Every structure is written in structure tokens, then in C-alpha cells.
Amino acid sequence: MAEKSSEIFSENAINPSDEGSNTPPQHGLDEYDILRNSSEDEVLIDKPTEDEVARNKPESVEKPNRPRALSTKSVDVVTREITCPRVNCPEKIVICLDLSSEMSSIILRSRSGDKFAPIKLVKRALGIFCHTKHQVDKRHQFAIVVLHERGIWVRPFTSNPKEVITFLDDLNDTYPCETFNLTSLFDEVHANIKLPHVENPTVVPPPYVVRMILIYGRSHCIPEFKNGRESYKLLRSSPYFFLDVFYVHEPPSDDNKCEDVFDSLCDLDEHGLSYIMEVSKNLTKLYDHMIQLASHPLQRPLQKDCHYKLKERES
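Residues numbered from 1 in each chain as written. Predicted model: local features only at pLDDT ≥ 70, side-chain atom pairs only at ≥ 80, totals over all residues. Heavy atoms only, no water.

(A) Here's a closer look at helix H7 (residues 258-266). Extensive coverage of H7 is indicated by the burial of 7 of its 9 residues. Buried residues along H7 sit in contact with strand E6 (209-216), strand E7 (241-248) and strand E8 (276-279). (Buried < 20%, exposed > 50% of the residue type's maximum accessible area, 1.4 Å probe, protein only. Helix = DSSP H or I, 4+ residues; strand = E, 2+ residues; numbered from the N terminus. Contact = heavy atoms within 4.5 Å.)

(B) Here's a closer look at the pairing of strand E1 (residues 91-98). Most of E1 sits inside the fold, with 8 of its 8 residues counted as buried. Across the two faces of E1 the burial is the same, with Glu 91, Ile 93, Ile 95 and Leu 97 and Lys 92, Val 94, Cys 96 and Asp 98 all buried. As defined by bridge partners, E1 adjoins E6 across 7 bridges and the pair is classed as parallel. Across the sheet, residue Ile 93 finds its bridge partner in E6, namely Arg 211. Across 7 bridges, E1 lies against strand E4 (residues 141-147) in parallel orientation. Looking across to E4, one finds that Ile 93 is bridged to Phe 142. (Pairing = 2+ DSSP bridges.)

(C) Seen up close, the pattern of salt bridges. Tallied over the full model, the rule gives 11 salt bridges. Among the salt bridges present, the one from Asp 244 reaches Arg 211, with a minimum N-O distance of 2.8 Å. With Asp 244 in strand E7 and Arg 211 in strand E6, this pair connects stretches of sequence that are 33 residues apart. As far as burial versus exposure is concerned, Asp 244 and Arg 211 are alike and both buried. (Salt bridge = Lys/Arg side-chain N within 4 Å of Asp/Glu carboxyl O.)

Here it is as C-alpha cells:
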């Protein structure tokens, strides 16, 4: 199964000790340039071989802005133009973390043969993500929703990445889940956020934007809207709301529903502006895909236009 190219520049190290400083936010810095690097995870992130680089070269996609590695259907997406100023305004990021038992039963392997459950790796990658966003702009905020058979808002917004990581570290229990109700997820988010309203939006930048990052790890459970789409439509109608997807799954086979799950997740991207990532067995790609989400939704290009390349760290 071909996957979208996920090679990443890696230049500037993230220093978690900086998070308590009062350094002014770097408003002119484009978050598309913020890079992955964390000493505690270097043992898990191997430089790809030449064969892996060749396999990961970008391939043509059927949809304007969707990776279709898992998909079997062809549906056109009309990309909505971003008309507001493309500035690095603060983000309110809602991390939606799947806590189904599949997140602890799927096994990812490092090149050395070590085995890891996705839940552990995803939480570690989220820690890198939060520190990276905080390094760029200390006004960014993070909230947490957990996914069982419905979405549950469990952590209000905070701009302190240490608080987020500590909370994530305590989320160790996973639960068997037969279904997942997307209606409940968007109802929870809509009830706990306030979307900005801007006069003259083509000229005046928003005070902030809201972005959901849906991390879904089920290969046998197709997410569905069971009670309507009212909250989803209200959120998606705002030019200041964005939705990204991070899908961790088993290798597709006749014994699972990976392709149907992926199609359902892709269908959430009605405007063609989402970044939709999927990871099966490649541990390195899990980190690479997660840090690609660090780019600011008002500044980043469409996903189909992205190409990432590894750059060795200078000694």
C-alpha cells in the first residue's frame, strides 16, 4: 500500500526548557517551516534507507487534496479558497484522542525490531507537536477530547504544553468499542469552543482559529453520524475552523474495514483544506506525519502540494 510522502526537514531542536520563558511570540515565522526534532525520540526515528526514500516519493492522487492510499472510491472535492489574511494568528487546537482498545493492540515495529503500541507513540508524538507549536507562538492553546463510543471533552484549553503532556500521560486505559458516534464528537467541540467573528474578514485577521485534530485508531469500526450533523455543519461553515485527521490502522485486509474507515474520515473534508494522514506499520512515518500537522492552517499549502525532504542535522 503506497503512502503519501512524509519526509521531513529537521534543523532546529526543540528545547522543552524554553516553554516557561517570556520570549515574545515570533509572529513573522511561518509554521510550515517548523521541524521535528526531540532527543528523547531519536532512538525511534531512523534515517530512511535509499529504498525507503524511493518508495516514499509522491504519487499522483485522485482527489484534489486527499491522500487516497486506502481509498477505493473516487469523489471530487471542491477546495474552498481561504479569503482571510494568511497570518500566524493563535490557534485553539482540540486534540481528539482515540482510547479504543485497538490503540493498544495494534503493534508498530522499529527498525531494530522493538514493538510499540500506537497509543504510546501517538502520545509521545503529540508531546513533540505541542512543544513545537509552543516554540513558535506561546499563545497557542490545546484542549483534549477522548474518544470511546462517543466524544468526551476532558481537558479545557491551556497554553502550557507541560500540562497537556502530563494529562496525556495519565490516559493509559483503553476500552473495547463497537461503534463511534461522530455526532457526539462535533457536539462536544461545538459546545466548548467559540468561533471568532470578524468584521471585514478579507482584511482583518482573526484573533484566533480553531483546529480539531482527530486521531482515530480503529480498523474494524467505521465512524458514523448517528444523530444528525448540525454541530458539524455549524463548525464547518466558519472560515476559522479547520479539521485534520490522523488515522492509525492495521494493514488493510479482508478481515478489517480500513478502507471504509478511511473513506468515512476523508468524507469529513468537505472543503479540501484538511490534512489527512494515515499510518499502518511504519513507526518513523507516525512521527513524520504528526509533525506535518504543526504547520499553521492559514499558512500551509494544500496537502497535495506538499513535499517533505529529510535534511541531516549538522554535527
